Amino acid sequence: VKIIIRIFDAESLSTSNALFTPCLLQLFGNGTAVLRKSDDDRAPQARFFPPLQEPMLLPGTFKNKVAFITGGGTGLGKGMTFTLSSLGAECVIASRNLDVLKATAEEISSQTGNKVHPVQCNVRDPDSVKATVDQMVNDVGLPDVVINNAAGNFISPSERLSANAWKAITDTVLNGTAYITLDIGKRLIAAQKGAAFLCITTIYADSGSGFVMPSASAKAGVEALCKSLVAEWGRYGLRFNIIQPGPIKTKGAFSRLDPTGKFEKLMIERIPVGRLGTVGEIANLAAYLCSDYASWVSGATIKIDGGEYSFMAGEFNSLSLVTKEQWDVMEAIIRQTKGS
Ligand SMILES: CCCCCCCCC/C=C/C=C/C(=O)SCCNC(=O)CCNC(=O)[C@H](O)C(C)(C)COP(=O)(O)OP(=O)(O)OC[C@H]1O[C@@H](n2cnc3c(N)ncnc32)[C@H](O)[C@@H]1OP(=O)(O)O
Ligand SMILES: NC(=O)C1=CN([C@@H]2O[C@H](COP(=O)(O)OP(=O)(O)OC[C@H]3O[C@@H](n4cnc5c(N)ncnc54)[C@H](OP(=O)(O)O)[C@@H]3O)[C@@H](O)[C@H]2O)C=CC1
């Protein structure tokens, strides 16, 4: 990209990279104005990729099944709870804010006709996790589906992080997943009951990412935890899969990862499908992976990101911004070159 900018001059290229510096200037020029509600920009090709959000599995797929979802009161967790509940599951949703959980449980059960149980839980605290699981077992029994979805995250240069900031994120994401999985897993094994576990990580669990270093480290740990148990606990009837979502516009994520709303356009420019993902798309994949249709799926890690990871990984992918005329010039230069 640097070479191309030198050849054609930065002004003539409307590239996201060329715009990055002014974009950052605008971002910090905003002073205290935060959380602008951004326009839901879409690239033209997004018209080829309409998001179908309604539950795609057969009604009754989760009839007589119990699903436990951490962070089920908001965002993706709420979406997954809605889909599983629509398909017949009795859901238990767990997080710190009981009022939010109660409101979500009421909203979903009134639409689906199936019970949703709100249970307060701080996944960072093993005693709280034990109390939550005790309550679930008492109310509805052991679960058939366990979704580790609760998380904490915010963008920050790593040199600004305190030890406690690192601990807040890694305790929630990695230790929280471990406490939930160990507590429920041991009880399932003792009861000789099978179950499907699902962990929600992110596309940067593979690559790491600057400015979200604790989240990247913890999500990579969650993936190692899942993959280890695929091998070890299959014999007990337990299977484990991972979803790595790309950007989905939830309040929890975007208020902490794009606080001014200025990065959204940049993000969409690097997503080949030309739009953000939706909660319903994640929920359908989650429902499939946790259903008996996926009984033979264990150890899968599925990116659902509109192609963003592949776009960012390919050395030359920014060349998609080069115009036909610019290609004519470059091709002529390349063809003229003889020898080394
Ligand atoms: C290029 C733009 C991209 C835009 C989006 C792209 C998305 C694609 C990939 C997305 C991945 C998403 C992953 C996610 O996980 S999103 C989920 C987000 N949801 C949440 O985080 C919900 C829960 N979060 C919280 O409760 C808080 O945010 C929390 C800070 C994680 C925890 O809160 P709490 O327990 O109350 O902790 P605190 O006491 O407030 O803080 C603990 C220590 O952390 C320090 N700290 C807090 N905020 C910041 C900050 N912004 N910068 C630096 N440090 C911070 C705080 O100071 C405490 O440390 P101490 O002062 O030393 O005690
Ligand atoms: N949205 C996105 O673009 C992406 C999201 N993800 C992942 O998707 C998942 C859901 O994120 P999203 O819906 O966007 O964001 P939300 O902030 O809405 O979801 C996070 C949930 O975790 C719960 N939670 C946080 N800390 C704790 C805790 N200590 N104990 C129990 N529950 C806790 C929160 O509830 P409460 O505050 O009540 O505790 C909240 O419901 C996360 O795993 C996130 O990493 C991954 C990639 C992209």
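Parameters and conventions
- Chains are numbered independently. Their residues run from 1 in the order of the written sequence.
- Here the convention is simple: chains get letters from A, ligands get numbers from 1, in the order in which they are written.
- For this predicted model, a pLDDT threshold of at least 70 governs which residues receive local features, and a threshold of 80 or more governs which side-chain atom pairs are given and counted, while totals over whole chains, interfaces and linings are taken from all residues.
- To get the side-chain values, take all heavy atoms of the structure and skip hydrogens and water.
- UniProt positions are given in the numbering used here, feature names are shortened, and annotations may be inferred rather than shown by experiment.
- Buried Ala, Val, Leu, Ile, Met, Phe, Trp, Tyr and Cys residues that are joined via side-chain atoms within 4.5 Å together make up what is termed a nonpolar core.
- Throughout, exposure labels follow a simple rule: accessible area from a 1.4 Å probe, protein chains only, divided by the maximum for the residue type, with under 20% read as buried, over 50% as exposed, and the rest as partly exposed.
- Only DSSP runs of H or I reaching four residues or more are called helices, and only runs of E reaching two or more are called strands; each is numbered from the N terminus.
- Should any heavy atoms of two residues lie within 4.5 Å, those residues are counted as being in contact.
- Definition of nearness: a residue and a molecule or strand are near each other if at least one heavy atom of the residue lies within 4 Å of the molecule or strand.
- Think of a polar contact as two N or O atoms within 3.5 Å of one another; within protein, one of them needs to be a possible hydrogen donor and the other a possible acceptor, and neighboring residues in sequence only count if both atoms come from side chains.
- For every accessible area listed, the method is Shrake-Rupley and the probe measures 1.4 Å; residues are considered covered only by the protein chains on display.
- Only Asp, Glu, Lys and Arg are considered charged in this grouping, and only Ala, Val, Leu, Ile, Met, Phe, Trp, Tyr, Cys and Pro are considered nonpolar; every other residue, Gly among them, is considered polar.
- Here, a disulfide means two cysteine sulfur atoms that sit within 2.5 Å of each other.

- Under an unreviewed UniProt entry, the name given to the protein chain is 2,4-dienoyl-CoA reductase [(3E)-enoyl-CoA-producing], mitochondrial, and the organism recorded is Pygocentrus nattereri.
- Its UniProt record gives the protein chain a comment under Function (unreviewed entry), which states: "Auxiliary enzyme of beta-oxidation. It participates in the metabolism of unsaturated fatty enoyl-CoA esters having double bonds in both even- and odd-numbered positions in mitochondria. Catalyzes the NADP-dependent reduction of 2,4-dienoyl-CoA to yield trans-3-enoyl-CoA."
- A UniProt comment under Sequence similarities (unreviewed entry) is attached to the protein chain, and it reads "Belongs to the short-chain dehydrogenases/reductases (SDR) family. 2,4-dienoyl-CoA reductase subfamily."

## Describing the nonpolar core
Then comes step 1: Phe-68, Ile-184 and Phe-197 are the most contacted members of the largest nonpolar core, which has 32 residues in total.
Then comes step 2: Elements represented by at least two residues in this core include exactly β1 (66-70), β2 (90-95), α5 (126-139), α6 (163-191), β5 (195-200), α8 (213-233) and β6 (238-245).
Then comes step 3: Ignoring anything within four residues of it in the chain, the contact list for Phe-197 reads Val-146, Thr-181, Ile-184, Gly-185, Leu-188, Leu-238, Arg-239, Phe-240 and Asn-241.
Then comes step 4: Grouped together as the second largest cluster of nonpolar side chains are 28 residues, Leu-198, Ile-200, Ile-282 and Leu-285 included.

## Overview of the environment of Gly-306
Then comes step 1: By secondary structure assignment, the location of Gly-306 is in the loop between β7 (301-304) and α12 (308-313).
Then comes step 2: For Gly-306, a relative accessible area of 28% puts it in the partly exposed group.
Then comes step 3: Once residues within four sequence positions are removed from consideration, Gly-306 is found in contact with Ile-271, Pro-272 and Val-273.

## A look at the site of ligand 2
Then comes step 1: Around ligand 2, the structure places 26 residues, and the nearest of them are Thr-74, Ser-95, Arg-96, Asn-149 and Thr-250.
Then comes step 2: With respect to ligand 2, the backbone of Ala-151 contributes an N or O atom lying 3.3 Å from an oxygen atom.
Then comes step 3: At 2.8 Å from an oxygen atom of ligand 2 is found a main-chain nitrogen or oxygen belonging to Ile-248.
Then comes step 4: Starting from 870 Å² of accessible surface for ligand 2 in isolation, the protein chains cover 88%.
Then comes step 5: Of all the secondary-structure elements, those providing two or more residues to the shell around ligand 2 are α3 (75-86) and α9 (251-257).
Then comes step 6: Of the residues in the shell around ligand 2, the class split is 10 nonpolar, 13 polar and 3 charged.

## Here we look at the state of the cysteines
As used in these notes, a disulfide is a covalent bond between sulfur atoms, one from each of two cysteines.
Then comes step 1: Throughout the structure, instances matching the rule amount to 0 disulfides.
Then comes step 2: Of all cysteine sulfurs, the one in Cys-199 lies closest to Cys-121, which takes part in no disulfide; the gap is 15 Å.
Then comes step 3: Residue Cys-121 is classed as buried on the basis of its relative accessible area of 2%.
Then comes step 4: Cys-199 provides the cysteine sulfur closest to Cys-290, a residue in no disulfide bond, and the two sulfurs are 9.9 Å apart.

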